[in-house]
Amino acid sequence: MIPEAAARLSRRSVMAAAVAAVGTGCSTRPADTSPGATAGGTGKGGALPPEAAVRARALADSRELIGRYDAASAAHPSLAARLRPLRAEVARHIEAFGGTAPAASPAAPSPAASSGASSGTAAQALSALASAERALADRRAAALLTAPAEQARLLASVAAAGAGHAALLGAKASGKSTAAQDGNHSSGQDEDRGGSGS
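Residues numbered from 1 in each chain as written. Predicted model: local features only at pLDDT ≥ 70, side-chain atom pairs only at ≥ 80, totals over all residues. Heavy atoms only, no water.

A. Representation of the nonpolar core. Core analysis: the biggest nonpolar cluster contains 30 residues, and Tyr69, Leu83, Phe97 and Leu169 have the highest contact counts within it. Elements supplying a minimum of two residues to this core: α3 (50-75), α4 (80-96), α6 (122-143) and α7 (149-197). Here Tyr69 is in contact with Leu83, Leu86, Arg87, Val90, Leu129, Glu133, His165 and Leu169, once residues within four sequence places are set aside. (Core = buried A, V, L, I, M, F, W, Y, C linked by side-chain atoms within 4.5 Å. Buried < 20%, exposed > 50% of the residue type's maximum accessible area, 1.4 Å probe, protein only. Helix = DSSP H or I, 4+ residues; strand = E, 2+ residues; numbered from the N terminus. Contact = heavy atoms within 4.5 Å.)

Set out below in structure tokens:
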């Protein structure tokens, strides 16, 4: 059965996956040595060149996202093993955008990241991560339509990965909820049988 989270993926996320199939992957992105593309470089009038601006925004978004993963893992240690491979992919995205990924599970995640992914139960933390991944994938799929060619290919690849993460996280969250509901239902049936037999 198709996970509910996968069914909710937007057309833009699906389009991003299609573009990524013919684009280059994150690990093969050549270094950008054009004027103004390095950190702090600016174009005319002090504004970042379009490619540098796209990369700076994508880098900031990925850093915030990895903070959410760290916050969820710190608040719910039982999720750490499940989230580790997804976090590792987000770390590779940070490097692809020219940044340096933080060490895994920092002692003090940022307040913004902690406020969502780590609140509530483990299932709610997974759901919050799925929503964050899905929203970011949608934004990137929209941004690639106007981004410079090379950045568009990179955004497409990363957006497709994010959409996949959202589907996986959503499936895990719904699976936990279903298991809990099944357990409660079975318990109720046992009680009914006990009551009818007496």
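B. Just the side chain of Arg87, in detail. When you line up the elements, Arg87 lands in helix α4. Relative accessible area serves as the criterion here: at 10%, Arg87 is assigned to the buried category. Within the structure, the side chain of Arg87 is placed 3.1 Å from the backbone oxygen of Pro102, a separation counted as a polar contact. (Polar contact = N/O pair within 3.5 Å; in protein donor to acceptor, adjacent residues only side chain to side chain.)

C. Expanded view of the pattern of salt bridges. For the structure shown, the criterion picks out 4 salt bridges. One salt bridge in this structure joins Asp61 and Arg57, with 3.1 Å as the shortest N-O distance. Here Asp61 pairs with Arg57, and both are found in helix α3, just 4 residues apart, close to one helical turn. Here Arg57 falls in the partly exposed class, since its relative accessible area comes to 48%. When the shortest N-O distance is used, the salt bridge between Asp70 and Arg87 registers 2.6 Å. With Asp70 in helix α3 and Arg87 in helix α4, this pair connects stretches of sequence that are 17 residues apart. Taken individually, Asp70 and Arg87 each receive the classification buried, so the pair is uniform in this respect. A network of salt bridges, in which partner residues are shared, links Arg57, Asp61 and Arg139. (Salt bridge = Lys/Arg side-chain N within 4 Å of Asp/Glu carboxyl O.)

D. Here's a closer look at α4. Taking 1.5 Å per residue, 17 residues should reach 24 Å; α4 reaches 24 Å between its end C-alpha atoms and fits that length. Of all bends in α4, the biggest is about 25°, found at Leu86. Among the residues making up α4, those that are buried are Leu83, Leu86, Arg87, Val90, Ala91, His93, Ile94 and Ala96. Once α4 ends, the next one or two residues include Gly98, with phi positive near 95°. (Expected span 1.5 Å × (residues − 1). Bend = angle between axes of the 7 residues up to and from the residue.)

E. Seen up close, the confidence of the model for the protein chain. Overall, the prediction assigns the protein chain a mean pLDDT of 73, with 56% of residues at 70 or greater. Segment residues 1-41: pLDDT under 50, and 61 contacts once partners within four positions in sequence are set aside and those in other chains are kept. Low pLDDT (under 50) marks residues 177-187, which in the prediction has 0 contacts with non-local residues, meaning those over four places away or in another chain. (pLDDT = per-residue confidence, 0-100.)

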